[in-house]
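Chains, contacts and geometry: an overview
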Amino acid sequence: MTLLRNTVRKFLRCESGTQMIEFALVFPMLLVLFAGTTELGRLFYQYTTLAKGTRAAARYLSTQPNVTTSTTAAKNIVLCGNAAGCGGTGQPPVSLPNLAAANVVVTPPTTGVGVHYVTVEITNYNYQFLVFNLNTMIGGSNFNVPLTARTRMRYMVN
């Protein structure tokens, strides 16, 4: 009986393996924290890329004498940073996945007396998750994070 009692006492006092139990409890939380930080970083990266693209296109359009004939070049600037176009030989690819010319809206300056502005906006662009694709996890496509960037710049040509 004392042998059994001594064995039970030794077993209860033994601390080997407790680190693995703690790690097993904390690891899922650390994994979620890491993945969330990664997704948030990607979200900010994509938003700043959209904002830079609209800013560059608005700057380009503010110096063009005819905005309506330059909208294709402005859309190319938003898409790939080059007025000539995207994806050809020696040309950069599209800057973000699923970003198309249809997402870019150019509002030309108004006519008349006074200060005129040109506006470049990106609409209907949905951020796509990489690490935790919640659309796949919940079995649908109703979980989207829409990103919108808009730049309004003074039209310099009169």
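These notes cover the structure that comes with them. (Residues numbered from 1 in each chain as written. Predicted model: local features only at pLDDT ≥ 70, side-chain atom pairs only at ≥ 80, totals over all residues. Heavy atoms only, no water.)

Looking now at the pairing of strand E1 (residues 104-107). The two faces of E1 differ: Val104 and Val106 on one face are buried, but Val105 and Thr107 on the other face are not. Where E1 meets strand E2 (residues 117-127), four bridges bridge the pair, whose relative direction is antiparallel. Following the sheet pairing, valine 104 is matched in E2 by isoleucine 122. (Buried < 20%, exposed > 50% of the residue type's maximum accessible area, 1.4 Å probe, protein only. Helix = DSSP H or I, 4+ residues; strand = E, 2+ residues; numbered from the N terminus. Pairing = 2+ DSSP bridges.)

So, on to the sheet that holds E2. Adjacent strands of a sheet pair through backbone hydrogen bonds, lying either parallel or antiparallel. Taken in spatial order, the three strands make up an open sheet running E1-E2-E3, and their pairing is antiparallel. With one partner strand each, in any of the chains shown, E1 and strand E3 (145-154) form the two edges of the open sheet. If you compare each strand with its neighbour and ignore which way they point, the axes differ by 15° on average. Against the sheet, helix H2 (residues 18-61) makes contact with E1, E2 and E3, and its axis sits at roughly 25° relative to E3, the strand it touches most. (Axes fitted to C-alpha atoms, helices over the stretch in contact; angles between N-to-C directions. Contact = heavy atoms within 4.5 Å.)

Enumeration over the complete set of coordinates arrives at one disulfide. Two residues, cysteine 80 and cysteine 86, share a disulfide whose sulfurs are 2.2 Å apart. Judged by the torsion about the S-S bond (-90°), the cysteine 80/cysteine 86 disulfide is left-handed. Looking at cysteine 80, the relative accessible area reads 10%, which means it is buried. (Disulfide = S-S within 2.5 Å.)

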